[in-house]
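Residues per chain, in single letters:
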Amino acid sequence: MIVNHILSLKGRDVVTIAPDCTLSEAAKILSERRIGALLVRDGGHPVSGIVSERDIVRAVADRGAQALDEPVSRFMTSKVVTCTGETSINNLMELMTQQKFRHVPVVEGSSLVGIISIGDVVKVRVEEIEAEAQAIREYIATA
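What this report covers is the structure whose coordinates are included nearby. This structure is a prediction, so every number in the text was calculated from the model and none was measured. (Residues numbered from 1 in each chain as written. Predicted model: local features only at pLDDT ≥ 70, side-chain atom pairs only at ≥ 80, totals over all residues. Heavy atoms only, no water.)

## Section: the sheet that holds strand 3 (residues 49–52)
Strand order in the open sheet formed by 3 strands is 1-2-3, and the pairing between neighbours is mixed. Whereas interior strands pair on both sides, the edge strands pair on one side only; in this sheet they are strand 1 (16–17) and strand 3. Summarising the sheet, strand 1 and strand 2 (residues 37–40) pair through 2 bridges and their orientation is parallel. Paired with Thr16 across the strands is Leu39, a residue of strand 2. (Pairing = 2+ DSSP bridges. Helix = DSSP H or I, 4+ residues; strand = E, 2+ residues; numbered from the N terminus.)

## Describing helix 4 (residues 89–99)
Looking at helix 4, one finds that the buried residues are Ile89, Leu92 and Met96. Buried positions in helix 4, seen along its axis, are confined to an arc of 60° and lie on one side of it. In helix 4, the exposed positions that point more than 90 degrees away from the buried face belong to Thr97 and Gln98. For helix 4, the elements touching its buried residues are helix 1 (3–10), strand 4 (103–108), strand 5 (111–117) and helix 5 (118–142). The first or second residue beyond helix 4 is Lys100, which carries a positive phi of 60°. (Buried < 20%, exposed > 50% of the residue type's maximum accessible area, 1.4 Å probe, protein only. Arc of directions from axis to C-beta. Contact = heavy atoms within 4.5 Å.)

## Here's the deal with the pairing of strand 2
On strand 2, burial covers both faces: Ala37 and Leu39 on one face and Leu38 and Val40 on the other are all buried. With respect to chirality, the unit in which strand 1 leads through helix 2 (residues 23–33) into the neighbouring parallel strand 2 is right-handed. (Right-handed = clockwise from strand over helix to strand, strands pointing away.)

## Describing the side chain of Ser52
Mapped onto the secondary structure, Ser52 falls in strand 3. What makes Ser52 buried here is its relative accessible area of 16%. Once residues lying within four places of it in the same chain are set aside, the contact partners of Ser52 are Leu30, Gly36 and Ala37.

## Quick look at the pairing of strand 3
Alternating positions in strand 3 separate into two faces, Gly49 and Val51 on one and Ile50 and Ser52 on the other, with burial throughout. Alignment of strand 2 against strand 3, held across 4 bridges, turns out to be antiparallel. Within strand 3, the position partnered with Val40 by the bridge is Gly49.

## A few points about the environment of Met93
Residue placement: Met93 occurs in helix 4. Among the residues examined, Met93 registers a relative accessible area of 24% and is labelled partly exposed. The sequence separation of Met93 and Val121 amounts to 28 residues, and the corresponding C-alpha distance is 7.2 Å. Non-local contacts of Met93, meaning those with residues more than four positions away in its chain, are made with Val121 and Arg125.

The following block contains the structure:
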């Protein structure tokens, strides 16, 4: 199975934020949309960075509440690892586990086409395992 399969199920909508927006604005969007990360886009690149709930918590822990008035660009992860729609789910799981990422943007050429979260991957894998188990039960029942 590949990333495009997950995107076909969940959609390709990606929530982004500009690098000069504040952490407070980012926190509000994350809360309203009930998501864990925002992709940072400056217009020149498909992905300039990523800012997560964890980044916001760390910023506030390190700099206090005034961090919320600072730009997202100060706290985002700027070296973002991406995948393509053809990336296998197994490779993506391995990457997310090794690098401790919870969100991976999907980029095709110079276009941002989606984002995959660890929750998306787990959901699809659980569905696969349940389907396999059901197939085995049916095989045993007919044998």
